Amino acid sequence: MNIPQFLPKILFIGGKGGVGKSTTSSAIAVALSSEQNARKVLLVSTDPAHNLSDIFDVAFANTATKINENLSIIEIDSSLEAKVYVENIAKSMRSFVSTTSYARIDDYFTKIADSSSTLEAALFERLTTILTKEADQYDHIVIDTAPTGHTLRLFFMPKELKDWSKTLLSMQERGGMSEKVLGHLERSDGNRFSDPDGFIRGQLIEKLDERYTRYNAFSNLVKDPIQCGIVLVLNASKLAVAETKRTIQSLASKGLKPYAIILNKVLPQNATDDFLRSRIIQQSEYISQSDEAFSHYRYLKMPLFKQDIMTQESLKSFGNIVLEKITN
């Protein structure tokens, strides 16, 4: 199939755990990058569980691994990103204090490196860098996200971090940040910043300015329906339908809405087995609820297949069906 030009460049695939996000993400990426469509695609996993390695049977790294001429894959390692993230911050902090305070700075950042907030911030730093600085290398970027709460934080984080960076930038430009943030540490002799020529402070201002610009670019990107689309995946179950409704409400509060919604793993209606018939009857109630709630979006239903979708051919077939339905 030929993919229409209006398919967003960046697709976030989100939803409740276990609904098939990784399979859907992988299938879309494989279909887009196939010889038939020949798009340059980057598939990115932000889920700590990292299912992509299992799907492709390849040990992916924190940098792009090329699967074929058109498809590359990154599984972002939050722990590694957090380590680099805090080391860079600690390095910047050392510029403003005496050597006697280095140990305290290093100890503090070592303790927070594994905190959930640091891991999320570091992952977000890497993702925003990919989307704002590396996106030109690809026709499409498909992002396999962690379960819903994590995905929502990715969209809500830009404003908070952007405001925070703007505040720090303003404080630093006024020359007061180091005294406020590092006042409890022993400063070097000679000058309140140990930076008589203002070189270190200038570097820090430059970093804060770059970060603010990047967060602002990401915030604008996710709000641009031509550039970015959010695809929500769910199953026909009470919990998945309810969570998807809440997700849409949360997105709406930030001026966002789904690009498409996929009701996945729908059981066949022609089963004769008593057990399956009972499950189908129960599932039909949630299918009706899903139809009523989501049919005014780009909305499609994908059946439960007999076998797991793991081969390149089955991924491509699955992906082509999804793409055909969400682009028409």
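Shown above is the structure to which this text applies.
What you see is a predicted model, and the numbers here were worked out from it, not measured in a lab.

Trainee: Got a minute to help me understand the overall build of the protein chain in this structure?
Mentor: Counting its secondary structure elements, the protein chain contains 11 helices and 8 strands. Looking at the protein chain as a whole, 49% of its 328 residues qualify as buried. Restricting to contacts in the protein chain with at least 6 residues of sequence separation, those with at least 24 account for 77%. Counting only carbon and sulfur atoms, one obtains 51% of the accessible surface of the protein chain, whose full area is about 16,300 Å².

Trainee: How should helix 9 (residues 238–253) be read in this particular structure?
Mentor: What sets the pattern is the α-helix's 3.6 residues per turn: residues three or four places apart point alike. Helix length check: helix 9 (16 residues) gives 23 Å between terminal C-alpha atoms against 22 Å at 1.5 Å per residue, within 8%. Just beyond helix 9, the residue with positive phi is Gly 255, at close to 75 degrees.

Trainee: How do you make sense of the packing of helix 1 (residues 21–33) against helix 11 (residues 312–326) when you look at a structure like this?
Mentor: Pairs of packed helices are described in terms of their axes, by the angle between the two and the distance that separates them. For the pair helix 1 and helix 11, the least separation of the axes is 7 Å and the interaxial angle reads 90 degrees. The orientation of helix 1 relative to helix 11 falls into the category roughly perpendicular. Facing helix 1, whose interface residues are Thr 23, Thr 24, Ser 26, Ala 27, Ile 28, Val 30, Ala 31 and Leu 32, helix 11 presents Gln 312, Leu 315, Lys 316, Phe 318, Gly 319, Asn 320, Val 322 and Leu 323. Split by residue class, the contact of helix 1 with helix 11 holds 9 nonpolar, 6 polar and 1 charged.

Trainee: Any chance you could explain the side chain of Gln 283 here in plain terms?
Mentor: Position of Gln 283 relative to the elements: it lies in helix 10 (residues 274–294). Its relative accessible area of 9% is what places Gln 283 among the buried residues. Setting aside residues up to four positions removed in sequence, Gln 283 forms contacts with Ala 236, Lys 265, Val 266 and Leu 267.

Trainee: What is the right way to read the sheet that holds strand 7 (residues 260–266) from this model?
Mentor: Either a parallel or an antiparallel arrangement is found when strands of a sheet pair, and the pairing is made through backbone hydrogen bonds. One open sheet accounts for 8 strands, arranged 3-4-2-5-1-6-7-8; its pairing is mixed. With partners counted over all chains shown, the strands left at the sheet margins are strand 3 (65–66) and strand 8 (298–303), one partner each. Pairing of strand 1 (residues 10–15) with strand 6 (residues 228–235) involves 6 bridges; the strand directions are parallel. Its bridge partner being in strand 6, Gly 14 is matched across the sheet by Leu 232. Sheet contacts for helix 11: strand 7 and strand 8; angle to strand 8, the most-contacted strand, approximately 155 degrees.

Trainee: Whenever I open this one, the nonpolar core confuses me. Can you help?
Mentor: General note: in soluble globular proteins, nonpolar side chains tend to be found buried as a group. Ile 10, Phe 12, Leu 131, Ile 141 and Ile 143 are the most contacted members of the largest nonpolar core, which has 39 residues in total. The dominant element in this core, judged by the number of residues it contributes, is helix 5 (residues 116–134), at 5 residues. Each residue touching Leu 131, except ones within four places of it in the same chain, is listed here: Ile 10, Phe 12, Ile 141, Ile 143, Phe 218 and Leu 221. In terms of nonpolar packing, the next biggest core, distinct from the first, is built from 32 residues, Leu 11, Ile 28, Leu 32 and Ile 55 among them.

Trainee: I tried to follow the packing of helix 9 against helix 10 on my own but got confused; where do I start?
Mentor: Put simply, helix 9 and helix 10 touch, their axes get as near as 9 Å, and they point 10 degrees apart. With respect to helix 10, the element helix 9 is oriented roughly parallel. Crossing handedness for the pair helix 9 and helix 10: left-handed. Between helix 9 and helix 10, the residues in contact are Lys 238, Val 241, Thr 244, Lys 245 and Ile 248 and Tyr 286, Gln 289, Ser 290, Ala 293 and Phe 294, respectively. Its residues assigned to classes, the contact of helix 9 with helix 10 shows 5 nonpolar, 3 polar and 2 charged.

Trainee: Where do I start with the pattern of salt bridges in this structure?
Mentor: Here the structure, examined in full by the defined rule, presents 4 salt bridges. Residues Lys 301 and Asp 291 are paired through a salt bridge, measuring 3.1 Å at the closest nitrogen-oxygen approach. Of this pair, Lys 301 sits in strand 8 while Asp 291 sits in helix 10, and the two are 10 residues apart along the sequence. The salt bridge involving Lys 316 is made with Glu 313; its shortest N-O contact spans 3.8 Å. Pair noted here: Lys 316 and Glu 313 are both in helix 11, with a separation of 3 residues, about one helical turn.

Trainee: I would appreciate a short explanation of the environment of Arg 277 in the present structure.
Mentor: With respect to the helices and strands, Arg 277 occurs in helix 10. You can call Arg 277 partly exposed: its relative accessible area is 29%. Separated by 10 residues in the primary sequence, Arg 277 and Leu 267 have C-alpha atoms spaced 9.4 Å apart. In contact with Arg 277, other than residues within four places in its own chain, are Gln 269, Ala 271 and Thr 272. Side-chain polar atoms of Arg 277 contact the backbone oxygen of Gln 269, separated by 2.7 Å.

Trainee: What is the right way to look at the packing of aromatic side chains in this model?
Mentor: The relative placement of two aromatic rings is captured by the distance of their centres and the angle of their planes. Tallying each qualifying case throughout the model produces 3 aromatic pairs. Measuring from centroid to centroid gives 6.1 Å for Phe 56 and Phe 60, while their planes differ by 75 degrees, and the two rings are edge-to-face. Considering the side-chain rings of Phe 124 and Phe 218, the 5.1 Å spacing of their centres and the 80 degrees angle between planes classify their relative orientation as edge-to-face. In this pair, Phe 124 is assigned in helix 5 and Phe 218 in helix 8 (residues 199–222), connecting sequence segments 94 residues apart. There is no split in this pair, since Phe 124 and Phe 218 are both buried.

What counts and how
- Residues numbered from 1 in each chain as written.
- Predicted model: local features only at pLDDT ≥ 70, side-chain atom pairs only at ≥ 80, totals over all residues.
- Heavy atoms only, no water.
- Helix = DSSP H or I, 4+ residues; strand = E, 2+ residues; numbered from the N terminus.
- Buried < 20%, exposed > 50% of the residue type's maximum accessible area, 1.4 Å probe, protein only.
- Contact = heavy atoms within 4.5 Å.
- Areas by Shrake-Rupley, 256 points an atom, 1.4 Å probe, with all protein chains shown as cover.
- Expected span 1.5 Å × (residues − 1).
- Axes fitted to C-alpha atoms, helices over the stretch in contact; angles between N-to-C directions.
- Parallel < 35°, antiparallel > 145°, perpendicular 65-115°, else oblique.
- Nonpolar A, V, L, I, M, F, W, Y, C, P; charged D, E, K, R; others polar.
- Pairing = 2+ DSSP bridges.
- Core = buried A, V, L, I, M, F, W, Y, C linked by side-chain atoms within 4.5 Å.
- Left-handed = near helix turned anticlockwise from the far one by under 90°.
- Salt bridge = Lys/Arg side-chain N within 4 Å of Asp/Glu carboxyl O.
- Polar contact = N/O pair within 3.5 Å; in protein donor to acceptor, adjacent residues only side chain to side chain.
- Phe/Tyr/Trp six-rings, centres within 6.5 Å; stacked < 30°, edge-to-face > 60°.

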